[in-house]
Amino acid sequence: MQKDKKIYIAGHRGMVGGAIWRILESRGYTNLIGATSSELDLREQEAVRNFISLHKPDVIIDAAARVGGILANNNFPYQFIMENMLIQNNLIDAALKNDTEKFIFLGSSCIYPKFAPQPLKEDYLLTDSLEPTNEWYAIAKITGVKACEAIRKQFGKDYVSLMPTNLYGTHDNFDLNTSHVLPAMMRKFHEAKLNGNTPVTLWGSGTPMREFLFVDDMAEGVIFALENTLPDYLYNVGTGVDLTIKELAETIQKIVGHTGEIVWDSSKPDGTPRKLMDVSKMHDLGWKHKIDLEEGIKKTYEWFLQNIDSVKKVTI
């Protein structure tokens, strides 16, 4: 990939898009473009068509999405299915109509069936029913994967989908009503520590198993896909290593320095029992993560402390 190729990163102010932008800049890429949500509403088809027609990017990286944890997915199912479909469909269609040579679509491991065999292989897509707590988001992302696959099949273009495992890191969303599990735990433990190490109540039983990938490693996976022609349409991106939510909580608690009790509220949903990704396809091509979970959590907490007065809060 030539360093002066015009690359549009949709969602460049988000956690993932921002990491991609920072790393591309550090590698000498000189023609990056982005637009804030106030400058371009990706839900508006005509606005997206006009933007892509005007700028004519060589590459589009779709890191834009309406995202959130179990609570947000449960409370706002319509926004999670409709807004994500609008965003991705507008970008994919505009890319095709303007002959964008490469498109990288970012999805989520929740596209796979709730009770699929572990670890999750790309071949398991659409083989069984989804996890009900996030099926709205999953269905939207599945349509994006299939749209990119259809373009590869019909038009022979280099459109590829990357499915990350649970992502976390600097610039994450720490809003307790809309955030994912890891940043929500971090904020809860931090605030409880400041309040005299009061008990922290967490959702579920603590027994589900989850895999976590530091956002800079995800960005490196995207850049690997950018700089190489991947032979297939769908790739998992993760560590291939998981742990229980209880083990995650204890790790975050230790790093934050909270010494109080952890209370598990088993009346709240656990979600999918396990979501471990099979990342052998990306490994076989030469990509592998570099940052382990404890190191990544330490980096994230350091950033959180430095930015505590201005951490991102997301409302729906």
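What comes next is a walk through the structure. Please read all numbers here as calculations on a predicted model, not as lab measurements.

### Here we look at helix α2 (residues 45-55)
Here is step 1: Of all the residues in α2, the buried ones are Val-48, Phe-51 and Ile-52. In a view along the axis of α2, the buried residues occupy a sector of 90 degrees, so they form one face of it. When the buried face of α2 is taken as reference, the exposed residues oriented beyond 90 degrees from it are Glu-46 and Leu-54.
Here is step 2: Buried residues along α2 sit against β1 (7-10), β3 (59-62) and α4 (77-97).
Here is step 3: Within two residues after α2, Lys-56 carries a phi angle of roughly 45 degrees, on the positive side.

### Quick look at the side chain of Arg-152
Here is step 1: Here Arg-152 is to be found in helix α5 (residues 135-155).
Here is step 2: From its side chain, Arg-152 meets the backbone oxygen of Pro-231 in a polar contact 3.4 Å long.

### A few points about the nonpolar core
Within soluble globular proteins, side chains that are nonpolar generally end up buried alongside one another.
Here is step 1: Judged by nonpolar contacts, the single largest core of 40 residues is most densely connected at Tyr-8, Leu-42, Leu-91, Phe-103, Tyr-112, Leu-125 and Met-163.
Here is step 2: Broken down by secondary-structure element, the contributors of at least two residues to this core are β1, α2, α4, β4 (102-106), α5 and β5 (158-164).
Here is step 3: Grouped together as the second largest cluster of nonpolar side chains are 32 residues, Leu-24, Leu-162, Ala-219 and Tyr-235 included.

### So, the pattern of salt bridges
Here is step 1: Applying the stated rule across the entire model yields 22 salt bridges.
Here is step 2: For Lys-5, the salt bridge identified is with Glu-101, shortest N-O distance 3.4 Å. On the criterion of sequence distance, the pair formed by Lys-5 in the segment before β1 and Glu-101 in the loop between α4 and β4 is long-range, its members being 96 residues apart.
Here is step 3: Residue class for Lys-5 comes out buried when judged on its relative accessible area of 19%.
Here is step 4: One salt bridge in this structure joins Arg-152 and Asp-158, with 3.8 Å as the shortest N-O distance.

### Let's talk about the sheet that holds strand β8 (residues 209-210)
Here is step 1: As summarised here, the arrangement of the three strands in space is β11-β8-β13, forming an open sheet in which the pairing is mixed. Edge positions in the sheet fall to β11 (243-244) and β13 (274-275), since each has one partner strand and no second.

### Quick word on the sheet that holds β4
Here is step 1: In space, the six strands of this open sheet follow the order β2-β1-β3-β4-β5-β10, with parallel pairing throughout. Only two strands of the sheet have a single neighbouring strand rather than two, namely β2 (32-33) and β10 (234-237).
Here is step 2: Alignment of β1 against β2, held across two bridges, turns out to be parallel. Across the sheet, residue Tyr-8 finds its bridge partner in β2, namely Ile-33.
Here is step 3: Contacting β4, β5 and β10, α5 runs over the sheet at an angle of about 155 degrees to β5.
Here is step 4: Across the sheet, helix α7 (residues 215-227) is in contact with β1, β3, β4, β5 and β10; its angle to β4 comes to roughly 155 degrees.

### Quick look at a nonpolar patch on the surface
Here is step 1: Taken together, the side chains of Tyr-78, Met-82 and Leu-86 present a nonpolar region at the surface, about 280 Å² in accessible area.
Here is step 2: With respect to the secondary-structure elements, Leu-86 resides in helix α4.
Here is step 3: In this structure Leu-86 comes out as partly exposed when scored by relative accessible area, which is 31%.

### A short note on the packing of aromatic side chains
Here is step 1: Scanning the model with the defined rule gives seven aromatic pairs in all.
Here is step 2: Ring geometry for Tyr-8 versus Phe-51: centroids 5.0 Å apart, planes at 55 degrees, classification tilted. Placement of Tyr-8 in strand β1 and of Phe-51 in helix α2 is noted, with a sequence separation of 43 residues between them. By the burial criterion, Tyr-8 is buried, and Phe-51 matches it.
Here is step 3: Ring plane angle 75 degrees and centroid distance 6.3 Å describe the contact between Phe-80 and Tyr-137, whose orientation is recorded as edge-to-face.

Reading the values: rules and limits
- Residues numbered from 1 in each chain as written.
- Predicted model: local features only at pLDDT ≥ 70, side-chain atom pairs only at ≥ 80, totals over all residues.
- Heavy atoms only, no water.
- Buried < 20%, exposed > 50% of the residue type's maximum accessible area, 1.4 Å probe, protein only.
- Helix = DSSP H or I, 4+ residues; strand = E, 2+ residues; numbered from the N terminus.
- Arc of directions from axis to C-beta.
- Contact = heavy atoms within 4.5 Å.
- Polar contact = N/O pair within 3.5 Å; in protein donor to acceptor, adjacent residues only side chain to side chain.
- Core = buried A, V, L, I, M, F, W, Y, C linked by side-chain atoms within 4.5 Å.
- Salt bridge = Lys/Arg side-chain N within 4 Å of Asp/Glu carboxyl O.
- Pairing = 2+ DSSP bridges.
- Axes fitted to C-alpha atoms, helices over the stretch in contact; angles between N-to-C directions.
- Patch = residues over 30% accessible without salt bridge, like charges linked within 9 Å, V, L, I, M, F, W, Y side chains within 5 Å.
- Areas by Shrake-Rupley, 256 points an atom, 1.4 Å probe, with all protein chains shown as cover.
- Phe/Tyr/Trp six-rings, centres within 6.5 Å; stacked < 30°, edge-to-face > 60°.

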